[in-house]
Structure formats: structure tokens, C-alpha cells
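Now for the letters of each chain:
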Amino acid sequence: MKRLRFYSRLYIKMISQYIKARMQFRSDFYISTFAMLLLNITGLFTYWVLFYSINNIEGWNLNELIFLYSFALLAVTPMQLFFDNLWVIRISLRNGNFIKYYFKPINTLFYYVSEVFDIKGLGQLMLALTMLIYSSIKLGIHWTPLNLIMFVVFILSSAIIMISLVLMAASISFWVIESVSVLVLIFKLSEYARYPITIFNGFFRFVFTGIIPVAFIGYYPSRFFLKPGSGDITVFATPFIGIGLFIIAYKIWRIGLNRYSGTGS
Amino acid sequence: MKKYFTVTQKVFLTITVFRFNFIFSIVSNLVYITVIYFLWSSIYGSGARSLNGMTFNQVFVYLSLASTIFSLFTTFVEWGMSREVIEGSIVMHFIKPIDLMMYKLFECLGYVLLKLVTITMPTVLVILLVFKPDMPIGLNILIFPVSLILSYFIMFNIDFLVGLLCFYNESTWGMSSAKDSIVMLLSGAVIPISFFPDTLKTIVNFLPFQAVYNIPLETLISNKLGTGDYIKNFLLQLFWILLLFAINRLFYRKAVKVITVNGG
């Protein structure tokens with residue numbers, strides 16, 4: 001408990017310094033937030049245009065797809081906000097700056113990710129929440145207290161799945177410095193979370209459920225709220241997959257850490 | 001002897017690293033193409049043979065080629081320009097008797113050619129072999145490459161324009177991502193233009209973006225276009241190149257004046 005207090009105080013201190021520094025570049029904040037919104041609207045735009053020609057995809061109507069889309073978007077937001085520094089790990093590994101993270105008596109992963117708080121991710125958060133509320137009103141979803149608790153549990157679990165996937169991809173940097181393409185691939189794969197998994201054939205369904213579990217970032221939890229009568233209990237695996245995956249990802253990160261020996265500069 | 005060995009090793013590493021990234025960008029693109037395949041086959045699966053005048057086969061070829069061309073055309077012009085402004089090395093371009101825009105263009109052409117041979121062609125081959133596209137075979141096959149080259153010049157002009165905008169602010173990520181999204185949305189690269197509602201179709205026709213993706217792809221796939229359409233499209237692409245080029249020229253003269261180089 002004392003450790004937790006220590007870490008949260010440290011985090012707030014580091015992040016507020018970071019935000020102060022970032023706020024010197026006010027125009028960057030506005031432009032990036034705008035770009036972030038545009039980036040996320042791309043997928044919604046596709047649905048919107050598509051539904052001029054059709055009225056459902058695999059039995060999902062436009063509002064249900066918006067719900068699925070924004071659930072997945074909300075689930076990847078914590079990764080965007082708190083773990084954005086993982087994107088540039090290759091740079092600090094290559095120029096040798098990474099060695100500094102070994103010299104503090106705090107958790108290395110914590111130290112590394114708490115250097116950056118991605119402010120533009122707040123735009124994404126707002127967009128995801130707005131679309132979620134909009135679609136759940138349109139769909140008339142009943143938000144009972146139990147449902148709300150499940151929603152929080154699933155969002156957190158999905159967020160941890162996404163964080164773990166990105167952490168694994170970023171850890172590859174310890175072996176092959178130039179890992180940016182692996183990160184891009186993971187991001188592309190996480191976009192699969194925005195589609196009903198039933199559009200895929202059996203092989204991909206298996207991959208996205210059992211191997212790279214992106215279906216748990218959007219599809220299974222959304223179905224729990226949208227099609228409650230389906231009787232499928234797969235969704236309850238979400239928290240366990242989240243925790244399990246994070247343990248594996250953290251192990252890989254630790255192995256990578258022990259492997260890195262600096263650049264000698 | 002040992003230090004030479006290290007240098008050799010470093011070069012070796014650079015090559016391996018390079019290859020790793022190359023392989024992954026092919027994989028990334030194929031992954032995206034797979035989702036297009038399944039998404040659209042389930043859209044067409046519900047009985048419709050043809051939507052908005054396009055069959056499933058045509059939509060798939062259109063979108064998978066669009067995605068492949070997108071990764072071919074991504075040359076990070078604006079990233080390079082803004083980095084040079086921040087580092088101050090941009091001044092080196094001003095003291096050399098080489099025009100910055102031409103320098104960037106030729107730099108990119110090399111990059112694009114390299115990618116064309118190593119990434120684009122294998123990907124296109126995979127698409128053609130795995131998936132047999134039913135497209136007309138005739139004049140369109142010959143005109144497509146010409147149209148694609150013109151597309152690249154339009155895209156380069158857009159990239160360079162964004163690069164010049166980066167002289168005014170430090171938000172490279174923001175400018176570049178906003179550009180990518182706008183181009184993707186309004187060019188038909190994520191959903192064919194023939195699916196757009198009518199008002200949007202009209203708006204898009206007055207913008208340069210559809211000339212980048214929609215024109216060459218429609219040229220290749222559609223069997224409704226005649227020689228007249230090819231000439232019209234060719235002129236339209238040429239018009240956008242000239243217009244954007246003129247804007248870049250005028251804007252370049254203004255933008256150069258705002259650069260502040262800190263020391264260096």
C-alpha cells in the first residue's frame with residue numbers, strides 16, 4: 001500500500017512536469033488532437049458511407065457497429081494515454097539513453113512509461129465516450145448496476161489486453177532494434193477488434209480468440225451488452241486473458257531488459 | 001582488426017534490420033487486405049451481386065490495390081523536412097545550387113522505386129495469384145501505370161505542401177496524420193467513391209484526393225470507361241499537378257522566410 005502511494009505520487013509529479021513542458025507547444029496540442037479525431041473517424045466514416053447501401057453486416061446494424069467500434073476505441077485509450085512512450089523505445093535503445101532507466105530504485109517499466117502522458121489521447125477518450133453514449137441511447141441498452149460493473153470490468157480487461165500486446169511488440173526492440181513495424185502490425189491487428197468476428201472464417205476466428213486475442217478487445221464484450229440472450233460465456237474469460245497476457249508480456253520485457261547492455265557510449 | 005570487424009558487423013546489422021522492417025510492412029499490408037476481404041465478402045454475402053455498380057471482386061481489387069499503393073506512396077517527405085528545420089540542416093539546402101523541392105522529389109523517387117520492386121510488386125503478385133480479379137484487359141492495363149505515375153506527382157505535391165506547413169509549427173505528427181486521414185477518406189482508398197452519397201461525391205470531385213487513388217484504380221477496374229474518359233482523367237490529373245505545383249512554388253517563397261534556425 002505504501003509502495004502504491006509512493007508510485008502514484010511519483011507518477012503525478014512526473015506527468016505534471018511533462019504536461020507543463022508540452023503546453024509550451026500549444027499549437028501542437030490542438031493540431032494533434034484534431035488529427036487524432038480524424039484518424040479515429042476514418043473507421044466510423046466507412047460504416048456511415050456503407051450503410052447508405054446496406055442495412056446490416058452479419059446481423060449488426062449501424063448503431064450496434066458504432067457501439068462495438070467505440071467500445072474497442074475506449075479499450076485502447078489507456079494504452080494510448082499511458083504507454084505512448086513505448087513507441088519510441090527503439091530510439092532510446094539505439095542512442096544508448098535507455099541505460100538511464102536502470103539507475104533508479106524504481107520499477108523500470110514504470111519509470112519508462114511515466115515519462116510521457118499522451119495528451120492527444122484525451123480527444124480519443126472523448127470521442128469514444130460520446131459515441132458509446134450516443135449508440136447506447138439509440139439502441140436503448142438497459143444500464144442496470146450489474147451491467148455497469150461488468151462494463152467497467154470488461155473495459156479494464158480489454159485495456160490490459162491491448163497494453164500487453166503493445167508491450168510485447170515494443171519488447172521486441174531489445175532483440176531487433178527497429179521494431180516500429182511490429183508495433184504498426186499490432187495496431188493494425190487491434191483494428192480487427194472493431195468488426196464482428198463472425199465476418200471471418202474459422203481460422204481467423206480461432207486466431208483472434210485464442211492466439212492474438214483482439215476479439216476480446218471489442219467483439220465479445222460488446223456482444224455481451226448488445227445481444228444478451230446469446231448464452232455464450234466466452235466473454236467471462238476476458239479478465240483472465242488480460243491478466244495472463246500481461247504476466248507474459250512483463251516476463252518478455254524483463255528478459256529483454258536483462259539482455260540489453262547499452263551502446264557503450 | 002577488431003574495429004573493422006565491428007564496422008562490418010554494424011553494416012550487416014543495418015541490412016538485417018532493414019529487411020525485418022520490409023518483411024513486416026508486407027505482412028502489415030497483407031493483414032489489412034485480409035480484413036478487407038472478409039469484411040466485404042460478408043457485406044456482399046447477403047445476396048447482392050453488385051452494389052453501386054461494383055461487384056465484390058472489383059471492390060476487393062480496388063481496395064487492396066489502394067492500400068498497397070498507399071504504402072508505396074508513403075515517403076515521409078514532411079517528416080524529413082520538419083526534422084531538417086528542427087536540426088537546422090535545412091540551411092544546407094539554401095546554400096547549395098539545388099532546388100529543395102526537386103531534391104526532395106528525386107530523393108523520394110529513389111525510395112519509391114526501391115519499394116516498388118521489393119514490396120509493391122510481390123504484394124500485387126500475391127493478390128493476383130491468390131485472387132483472380134475479373135477486370136477488362138485492354139487499353140486500361142497500359143494507361144494504369146501512366147495514371148499511377150501522375151498520382152504520385154499529385155501525392156508528392158500534397159506531401160511537400162504539408163512539409164512547408166510544418167515550417168510554421170512543430171506538430172509534425174499532427175499535420176502528417178491529419179493529411180493521411182483526409183487523403184484516405186476523400187480519395188476512395190478506404191471505401192470506393194461509387195459508394196459515397198451523391199452530395200459527398202460532388203464535393204470530392206472538386207478536390208485533388210480522388211485523382212490520387214480513384215482515377216488510376218477506376219481506370220484499371222471499370223469496364224465502363226472509354227477513351228474519352230481516359231483523356232479527361234489524364235487532363236484532370238495534370239491540372240492538379242500543375243495547380244498544386246504552382247501553390248507549392250508560391251508558398252515555398254513565403255515559408256522559407258519564417259524558418260528560425262537555432263544556432264548550428
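An account of the accompanying structure is given in this report. Predicted model only: the values in this text are computed from it and were never measured.

**Some points on the overall build of chain B**
Alright, step 1. Secondary structure summary: chain B contains 10 helices and 2 strands in total.
Alright, step 2. Sequence-ordered secondary structure for chain B, helices as α and strands as β, is α-β-β-α-α-α-α-α-α-α-α-α.
Alright, step 3. Classification of the 264 residues of chain B by burial places 48% in the buried group.
Alright, step 4. Sequence-distant contacts, at least 24 apart, represent 80% of the contacts inside chain B between residues at least 6 apart.
Alright, step 5. Total accessible area on chain B is roughly 13200 Å²; 73% of this is exposed by carbon and sulfur atoms.

**Some points on a positive patch on the surface**
Alright, step 1. Taken together, Lys2(A), Arg5(A), Arg9(A) and Lys13(A) make up a surface patch of like positive charges.
Alright, step 2. Mapping Lys13(A) onto the fold places it in helix α1 (residues 2-22).

**A look at the interface of chain B and chain A**
Alright, step 1. With 34 residues of chain B at the interface, the matching set in chain A holds 37 residues.
Alright, step 2. Taking both partners together, chain B and chain A bury about 3400 Å²; carbon and sulfur atoms supply 79% of that area.
Alright, step 3. When the buried area of chain B at its contact with chain A is split by residue, Phe38(B), Trp173(B) and Leu185(B) rank highest and sum to 17% of it.
Alright, step 4. Across the contact surface, chain B and chain A share 0 salt bridges.
Alright, step 5. If you look at where chain B meets chain A, you find 4 residue pairs in polar contact (both at pLDDT 80 or more).

**Examining the nonpolar core**
Alright, step 1. With 162 residues, the main nonpolar core has Ile57(A), Phe98(A), Phe208(A), Trp253(A), Trp40(B) and Phe195(B) as its most contacted residues.
Alright, step 2. Dropping the residues within four chain positions of it, Phe195(B) is found in contact with Val49(A), Leu50(A), Ser53(A), Trp40(B), Tyr44(B), Leu51(B), Asn52(B), Met54(B) and Val59(B).

**Let's talk about the pattern of salt bridges**
Alright, step 1. Throughout the structure, instances matching the rule amount to 9 salt bridges over all chains.
Alright, step 2. With a closest N to O distance of 3.1 Å, Lys100(A) and Glu115(A) form a salt bridge. With Lys100(A) in the loop between α4 (89-95) and α5 (108-113) and Glu115(A) in the loop between α5 and α6 (121-139), the pair connects residues that are 15 residues apart, well separated along the chain.
Alright, step 3. Under the relative-accessibility criterion, Glu115(A) is labelled partly exposed at 23%.
Alright, step 4. Salt bridges here are not isolated pairs; linked through shared partners, they connect Glu78(B), Asp159(B), Lys179(B) and Asp180(B).

**Thoughts on a nonpolar patch on the surface**
Residues and elements named next belong to chain B.
Alright, step 1. On the surface, a nonpolar cluster with roughly 520 Å² of combined accessible area is contributed by Val 146, Ile 231, Phe 234, Leu 235, Leu 238 and Leu 242.
Alright, step 2. Top element by residues in the nonpolar patch is helix α10 (residues 227-256). It accounts for 5 residues.
Alright, step 3. Relative to the elements of secondary structure, Phe 234 occurs in helix α10.

**What about the packing of aromatic side chains?**
Within a pair of aromatic rings, the relevant descriptors are the distance that separates the centres and the angle that separates the planes.
All names here are of chain A.
Alright, step 1. Enumeration according to the criterion identifies 62 aromatic pairs over all chains in this entry.
Alright, step 2. With a centroid separation of 6.1 Å and 45° between ring planes, the pair formed by Phe 45 and Trp 48 is classed as tilted. Taken together, the residues span about one helical turn, with Phe 45 and Trp 48 both in helix α2 (residues 26-50) at a distance of 3 residues.
Alright, step 3. Assessed through its relative accessible area of 11%, Phe 45 is described here as buried.

**Focus on the packing of helix α9 (residues 214-221) of chain B against α10(B)**
All names here are of chain B.
Alright, step 1. The geometry of α9 relative to α10 is characterised by a closest axis approach of 11 Å and an angle of 160° between their N-to-C directions. Put simply, α9 runs roughly antiparallel to α10. In this structure, α9 crosses over α10, and the sense of that crossing is left-handed. Listed contacts from α10 to Ile 215, Pro 216 and Thr 219 of α9 are Tyr 230, Asn 233, Leu 236 and Gln 237.

**Considering the packing of helix α7 (residues 145-171) of chain A against helix α11 (residues 238-259) of chain A**
To characterise two packed helices, one gives the angle between the axes of the helices and the distance between these axes.
All names here are of chain A.
Alright, step 1. At their nearest, the axes of α7 and α11 sit 8 Å apart, and the two run at 25° to each other. When the axes of α7 and α11 are compared, the pair comes out roughly parallel. As for how α7 packs across α11, the hand of that crossing is left-handed. Residue-level inspection shows Val 153, Phe 154, Ser 157, Ser 158, Ile 160, Ile 161, Ile 163, Ser 164, Leu 165, Leu 167, Met 168 and Ser 171 of α7 in contact with α11, the latter providing Thr 238, Pro 239, Ile 241, Gly 242, Leu 245, Phe 246, Ile 248, Ala 249, Tyr 250, Ile 252 and Trp 253.
Alright, step 2. Of the residues contributing to the contact of α7 with α11, the split by class is 17 nonpolar, 6 polar and no charged.

**Let's talk about helix α3 (residues 77-87) of chain B**
Residues and elements named next belong to chain B.
Alright, step 1. Every buried residue of α3 is accounted for by Val 77, Glu 78, Gly 80, Met 81, Ser 82, Glu 84 and Val 85.
Alright, step 2. Those residues of α3 that are buried lie in contact with α4 (91-95), α5 (100-130), α6 (139-165) and α7 (172-187).
Alright, step 3. Of the residues trailing α3, Gly 88 is marked for its positive phi of about 90°.

Definitions and cut-offs
- Residues numbered from 1 in each chain as written.
- Chains lettered and ligands numbered in written order.
- Predicted model: local features only at pLDDT ≥ 70, side-chain atom pairs only at ≥ 80, totals over all residues.
- Heavy atoms only, no water.
- Helix = DSSP H or I, 4+ residues; strand = E, 2+ residues; numbered from the N terminus.
- Buried < 20%, exposed > 50% of the residue type's maximum accessible area, 1.4 Å probe, protein only.
- Contact = heavy atoms within 4.5 Å.
- Areas by Shrake-Rupley, 256 points an atom, 1.4 Å probe, with all protein chains shown as cover.
- Patch = residues over 30% accessible without salt bridge, like charges linked within 9 Å, V, L, I, M, F, W, Y side chains within 5 Å.
- Salt bridge = Lys/Arg side-chain N within 4 Å of Asp/Glu carboxyl O.
- Lys, Arg positive; Asp, Glu negative; His and termini not counted.
- Charge placed at Lys NZ, Arg CZ, Asp CG, Glu CD.
- Buried area = accessible area lost by both parts, 1.4 Å probe.
- Polar contact = N/O pair within 3.5 Å; in protein donor to acceptor, adjacent residues only side chain to side chain.
- Core = buried A, V, L, I, M, F, W, Y, C linked by side-chain atoms within 4.5 Å.
- Phe/Tyr/Trp six-rings, centres within 6.5 Å; stacked < 30°, edge-to-face > 60°.
- Axes fitted to C-alpha atoms, helices over the stretch in contact; angles between N-to-C directions.
- Parallel < 35°, antiparallel > 145°, perpendicular 65-115°, else oblique.
- Left-handed = near helix turned anticlockwise from the far one by under 90°.
- Nonpolar A, V, L, I, M, F, W, Y, C, P; charged D, E, K, R; others polar.

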